[in-house]
Amino acid sequence: MDNYRFKYIFKKRLQILFGLLTFLLFILLSKIFYLQIIQYDRFNALSKSNSIKVIPIPPKRGLILDRNNVILADNKLVHSLEIDRASFSGLAEIKDRLKNKLNIEIDTFDITNKRISYLYENTAPIAFSLTNKQIASFVAHQYLFPELTLKQRFIRDYPNGKSSAHIIGHINRINEKDIDFIKKQNLTRQYLGSSHIGKSGTEKFYENLIQGTPGFKEIEVDARQNVIRTLGERKPVPGKDINLTIDYRLQKIAENAFGEKKGALIAIDPENAEVLAYVSQPTFNPSLFTNGISHEAWADLNEKSSKAMLDRVTAGLYPPGSTLKPFVALAALNNNIRKPPFSIFDSGRFKMPNSSKVFRDWKRGGHGTVDIIKAITVSCDTFFYGLGLELGIPKLNKVLNDFGFGRKTMIDINGEKSGLIASKEWKKKRFNQRWYAGETAITAIGQGFTLVTPLQLANATAKLANPTLSIKPHLILNIDGIKQDQEKDEWGKQSYKDEDLKWVKEGMINVTKKGGTAAFLGKKSNYQMASKTGTAQLFGLKKDEEYNEDILPDSLKDHALFITYAPAINPKIVIAVIVENGGHGGSVAGPIAKEILDAYLEK
Amino acid sequence: MLKILQQYKKRIDVPLLAVIFFILSFGLITLSGSNLDSPNIIINQITNIFVGLLIFSILIFTNPRILFVYAPILFLLCLLLLVLVHFFGVESNGAKRWLAFGAINLQPSELLKVTLPLMIAWLYKNNQNNISLGIHFLAVFIIFIPVYLVFLQPDLGTSIMIALSGLLIIFLAGIPWRLILTSTVITIISSPIIWMNLHAYQKNRVLNMLDPFTDPLGTGYHTIQSMIAIGSGGGFGKGWAEGSQTNLQFLPEANTDFIFAVYSEEFGFFGIAIIFILYLLFIYRIFILANHMQDTFSKLLTASLGVSIFSAIFVNIAMISGLVPIVGLPLPFMSYGGTSMVVSLASIGIIMSLNNHKTLIAN
């Protein structure tokens, strides 16, 4: 091959090669064109999702206040001990060291179960609410714990401890059931970053108001998920502050008056159905739940005999006993039965017509001549046995229904029970048994099957005290300082004649007068009160058997009930009290109510 | 002094050097954008360029006859270094590619990019009046030895690169078309055997090239991140030093093998079009120079040095854009690293030296 020919071939080959290389570059450019121009949106999105993360910032929960802005549920800034994300695996060892060196016990909840709110923070809390001493001791020994830092966080705080627990309710960590609920309600966005949710009381009922709206922080992270910088932030909107109708001063007096006794008390303003005091005893400390309750504490709260978690005001079902009598009396008067001056002579025994069965009055020997007013005042059973039989269950039940028994009041607390108004149909359905005349007689004195909640008693008494009341009882007063208009009770106001009511009221006023069942309460009073005592038997006495309080175990002792409103003219407050196993209503439940009346009316 | 500068100016090919300076500055700009907080890397790279230009300057004043005379010795020396790598090389990521001479890390396979073309050009020059089939086969054999040694390191990318540029020299030397066709057929038939001899990680890379998104967090990760970097650059890029894929370390080896992905992310399709034009001008100018040279040695050496650099550019960009598997190959003139920079600039120095001495070797 000569040089000339080589040059010729070489030139040809160079041209071919240049063409080939240009073609290769063109292929490359096409691929890049595809990536950068045609697929730009896709890759741009991928690039952003690679590096930009949106982190929810949980909102602060709204405060719960009483009607005078006394704080019932607060958010407290606490010092928390937080662990670096990189050191999660060494938590057990750090836990031991903290315990041994600084005597700080860290919370037990599972930190490896990473909450969304912790995921892109560089640290996660392992201990909340450090004491000043613990903080000082940690700061002094911080060099021993390079993986820990001291931070500040907001946690829910209940400054009054166990007081008002059933009204306030409690919050707890969001569990799987809550997540299902949140998803079903389409509230997932609302709960991004939140770790807690309302579980009972106001915390639960007004959860959607208290919760607030989470904010968002857009951050840039690197390939190792370290936060590089914040790109943007939308501040969370804190939950709404809620003023309850509760008067904490009154609440505290009621709780103190109750002492260690079990039972419930509710005070309502009959003008507007605002709940002024709401006591359910025994109670619990809502703070116990905030960071996961221990098994022991939970078992303790649910112990059978005390049932601290049970809200007795709305979900405690009790036989009304004699507190039902004013309503029974009203039913009779409304049906023109036993209207004064009608009276009977009470010998202490009531013989059932067409039967050998005999019912006894609570007072041996009876009350003598008794009209309907006196029957209320002295709580004459004999009078009401006969009244009940003549009136019959359907007419009685109509009145009970008009006064809100046997159905929920629709108060703004979850878990309210509707109680029970028994009837022939009900008994057939429930027990498949016929209704006996004797059952009508004892129903008329508040025994039998009838079950009421303390709230229903108070609500019915309020309707008695203020016939124009048509608002359902409620706990909400203001939301973010704005007064809330209340819904009407769907059954509206009761419509009984004033003259009928007058006789019932007169009977009730006389209860705390000489000869009444709670006469001693009226002795030192600057105002007139209208009341009714009640004693609910928990077991039936056999014929001629006597009730002897001294030999009965506590759990079988009668429930003491007391309903009252005062002043008798233009009533300002209605109270229903039940003391479980308290014995006689007038002497046990009455004084508790009286203390509240005194505090409220003579303040 | 002025005289030296005039001499200097006379000895360089201005269009080619201008193109290279543009590419060099694009590389430096990109590198500095992603290393704003580590000035050492930028200073090192400037030093690398400086050393490269120094050797470039020495070479343009060197008589290429020396290269011609020493070509076989340089080649054998390089083979020796490759063998030494096999025994004394610095191991990293399961591969031995570097020799440590004190502070300097030398990558003999990079030196091959110069010494192999030298050797082949020498072979054809010595037999320029009798380029027979035997010579072509001998050339293939000579190429095979270092390719195999580099393949053993293992460094699949570089061995393919070297084989490719070596074979292109034979093509330029005028190997008959029928031989080209035959060998292509043989290569296709023998490809299963090559496949079976690949390392597991190399097989994975090939498989992932077919669809990197099948294993996005495993073997496909680098390809995907690199494609995301390029794709998210769009028409005009995210701007200098604004590449999120780069700055947030989603992109692997952003300074070295993947620097073009950084460039694509920050300067977009527009920037890529510009640099592609520069690449085309680069190879075009080298081919013009090669065509104008008079002797077999100069022609073959010039063209093959240019093709060698161009192939590295092509494979690197094809790799980061997901066209070929990730093989670990620097981008000439742009990637951070001394050996590649010095070798590339030295190649240009040799080309210009050959250009200055057209007549010297012609005899």
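Computed from a predicted structure; not experimentally measured.

Engineer: Outline the overall build of chain A, listing residues and values.
Structural biologist: The secondary structure content of chain A amounts to 22 helices and 21 strands. Here chain A, with 603 residues, has 42% of them falling under the buried criterion. Counting only contacts in chain A whose residues sit at least 6 apart along the sequence, the fraction spanning at least 24 positions is 74%.

Engineer: Got a sec to walk through the overall build of chain B? Specific residues and values, please.
Structural biologist: The helix and strand tally for chain B stands at 15 helices and three strands. Here chain B, with 363 residues, has 52% of them falling under the buried criterion. Sequence separation of 24 or more characterises 73% of the internal contacts of chain B that already satisfy a separation of 6 or more.

Engineer: Give me unusual backbone geometry: which residues, what numbers.
Structural biologist: Residues and elements named next belong to chain A. With an omega of 10°, the peptide bond running from Pro 340 to Pro 341 counts as cis. Geometrically, the link from Ala 566 to Pro 567 is a cis peptide bond, its omega value of -15° lying close to zero. Inspection of the secondary structure puts Pro 567 in the loop between strand E20 (559-566) and strand E21 (573-579). In this structure, Asn 354 is a non-glycine residue whose phi angle is positive, near 55°. By secondary structure assignment, the location of Asn 354 is in the loop between strand E14 (349-351) and strand E15 (358-360).

Engineer: How would you explain the interface of chain B and chain A if you had to name every residue and give the values?
Structural biologist: Listed per partner, the contact involves 42 residues of chain B and 36 residues of chain A. Of all elements in the fold, only helix H7 (156-172), helix H10 (221-233), helix H11 (244-247), helix H12 (259-292) and helix H13 (296-320) of chain B reach the threshold of two or more residues within the side of chain B that touches chain A. Among the elements that take part in the side of chain B that touches chain A, H12(B) stands out by supplying 12 residues, more than any other. A class-by-class count of the residues in the side of chain B that touches chain A yields 25 nonpolar, 16 polar and one charged.

Engineer: I'd like a description of the sheet that holds strand E19 (residues 530-536) of chain A, backed by residues and values.
Structural biologist: All names here are of chain A. Within the open sheet, the five strands sit side by side as E12-E11-E21-E20-E19. Their pairing is antiparallel. The open sheet has two free edges, formed respectively by strand E12 (274-281) and E19, since each of these has just one partner strand. Recorded for the sheet is a direction-independent mean angle of 5° between the axes of neighbouring strands. Pairing geometry for strand E11 (residues 263-269) and E21, over six bridges, is antiparallel.

Engineer: Before we move on, can you summarise the environment of B:Tyr124 with the specific residues and values?
Structural biologist: Residue and element names in this part refer to chain B. Mapped onto the secondary structure, Tyr 124 falls in helix H5 (residues 108-126). Residue classification places Tyr 124 among the buried positions, given that 25 C-beta atoms sit within 10 Å. Spatially, the C-alpha atoms of Tyr 124 and Phe 297 are 7.0 Å apart, while their sequence positions differ by 173 residues. Setting aside anything within four residues of it in sequence, one finds Tyr 124 in contact with Ile 131, Ile 135, Ala 173, Thr 296 and Leu 300.

Engineer: Break down helix H22 (residues 585-601) of chain A for me, with residues and values.
Structural biologist: Residue and element names in this part refer to chain A. Where H22 bends most, at Pro 591, the angle is about 30°. Along H22, the residues that are buried comprise Gly 585, Gly 586, Val 588, Ala 589, Gly 590, Ile 592, Ala 593, Lys 594, Ile 596, Leu 597 and Tyr 600. Packed against the buried residues of H22 are helix H10 (248-258), E11, E12, E19, E20 and E21.

Engineer: A description of the nonpolar core should follow, citing residues and the corresponding values.
Structural biologist: Grouped together as the largest cluster of nonpolar side chains are 116 residues, with contacts concentrated most on B:Leu118, B:Ile259 and B:Leu300. Sorting elements by how many residues they give to this core places H12(B) first, with 16 residues. Residue contacts for B:Leu118: discarding those within four places in its chain leaves B:Leu67, B:Ala71, B:Leu74, B:Phe75 and B:Leu301. Membership of the second largest hydrophobic core comes to 113 residues, among which are A:Phe205, A:Val328, A:Val511 and A:Leu597.

Engineer: Run through the packing of helix H14 (residues 325-334) of chain A against helix H16 (residues 381-391) of chain A, naming residues and quoting values.
Structural biologist: All names here are of chain A. Remark: H14 packs on H16, axes separated minimally by 10 Å, with the N-to-C direction vectors making an angle of 45°. Comparing their axes, H16 and H14 come out oblique. Like other packed secondary-structure pairs, H14 and H16 cross with a definite hand, here left-handed. Seen from H14, the contacting residues are Lys 325, Val 328, Ala 331 and Ala 332; seen from H16, they are Phe 384, Leu 387, Gly 388 and Leu 391. A breakdown of the residues in the contact of H14 with H16 according to their chemical character gives six nonpolar, one polar and one charged.

Engineer: Report on the pairing of E12(A), specifying residues and quantitative values.
Structural biologist: Residue and element names in this part refer to chain A. Across the eight residues of E12, eight count as buried, placing the element largely inside the fold. For E11 and E12, the ladder comprises seven bridges, and the chain directions are antiparallel. Counted as the bridge partner of Ala 267 is Ala 277 from E12.

Engineer: Can you explain the packing of H5(B) against helix H14 (residues 338-356) of chain B? Please cite residues and give values.
Structural biologist: Residues and elements named next belong to chain B. As a packed pair, H5 and H14 sit with axes 9 Å apart at the nearest point and diverge in direction by 10°. It follows that H5 is roughly parallel to H14 by the angle criterion. Where H5 approaches H14, its residues Glu 110, Leu 111, Lys 113 and Val 114 are matched on the opposing element by Thr 339, Ser 340, Val 343, Ala 346, Ser 347 and Ile 350. Of the residues in the contact of H5 with H14, the class split is five nonpolar, three polar and two charged.

Engineer: So, the sheet that holds strand E9 (residues 227-234) of chain A: which residues are in play, and what are the values?
Structural biologist: All names here are of chain A. Taken in spatial order, the three strands line up as E1-E8-E9 in an open sheet, and their pairing is antiparallel. This sheet does not close on itself; its edge strands, each paired only once, are strand E1 (52-57) and E9. Between one strand axis and the next, the sheet turns by 30° as a mean value, whatever way the strands run. Bridge count between strand E8 (residues 215-221) and E9: six bridges; the pairing is antiparallel. In the strand pairing of E9, Glu 218 is matched with Gly 232.

Engineer: Hey, could you go over the confidence of the model for chain B for me, with residue numbers and the actual values?
Structural biologist: Averaged over every residue, the pLDDT of chain B is 86; the share at 70 or more is 93%. On the interface metric, ipTM, the complex scores 0.90, and its pTM is 0.65.

Engineer: Which residues make up the confidence of the model for chain A, and what values do they have?
Structural biologist: All names here are of chain A. On average, residues of chain A score 85 in pLDDT, and 92% of them are at 70 or above. Across residues 111-119, confidence stays below pLDDT 50; counting only partners more than four residues off in sequence or on other chains, it has 15 contacts. Note on residues 541-545: pLDDT under 50 across the span, and one contact to partners over four residues away in sequence or across chains.

Engineer: Residue-level account of helix H6 (residues 133-152) of chain B, with values.
Structural biologist: For an α-helix, the turn length of 3.6 residues means that residues three or four places apart are oriented alike. Spanning 20 residues, H6(B) covers 28 Å between terminal C-alpha atoms, matching the ideal 28 Å at 1.5 Å per step. Taken together, the buried positions of H6(B) are B:His136, B:Ala139, B:Ile143, B:Pro146, B:Val147, B:Leu149, B:Val150 and B:Phe151.

Engineer: Any details on the environment of B:Ile230? Residues and values, ideally.
Structural biologist: In this structure, B:Ile230 sits in helix H10. Sequence spacing of B:Ile230 and B:Gln245 is 15 residues, and the spatial spacing of their C-alpha atoms is 9.3 Å.

Engineer: Let's hear about the environment of B:Gly27: which residues, and what values?
Structural biologist: All names here are of chain B. Position of Gly 27 relative to the elements: it lies in helix H2 (residues 14-33). For Gly 27, a count of 23 C-beta atoms within 10 Å translates into the label buried. Along the sequence, Gly 27 and Gln 45 sit 18 residues apart, while their C-alpha atoms lie 9.7 Å from each other. Non-local contacts of Gly 27, meaning those with residues more than four positions away in its chain, are made with Ile 259, Phe 333 and Met 334.

Definitions and cut-offs
- Residues numbered from 1 in each chain as written.
- Chains lettered and ligands numbered in written order.
- Predicted model: local features only at pLDDT ≥ 70, side-chain atom pairs only at ≥ 80, totals over all residues.
- Helix = DSSP H or I, 4+ residues; strand = E, 2+ residues; numbered from the N terminus.
- Buried ≥ 20, exposed ≤ 12 C-beta atoms within 10 Å, placed from the backbone.
- Contact = placed C-beta atoms within 7 Å.
- Nonpolar A, V, L, I, M, F, W, Y, C, P; charged D, E, K, R; others polar.
- Pairing = 2+ DSSP bridges.
- Axes fitted to C-alpha atoms, helices over the stretch in contact; angles between N-to-C directions.
- Bend = angle between axes of the 7 residues up to and from the residue.
- Core = buried A, V, L, I, M, F, W, Y, C linked by C-beta atoms within 7 Å.
- Parallel < 35°, antiparallel > 145°, perpendicular 65-115°, else oblique.
- Left-handed = near helix turned anticlockwise from the far one by under 90°.
- pLDDT = per-residue confidence, 0-100.
- Expected span 1.5 Å × (residues − 1).

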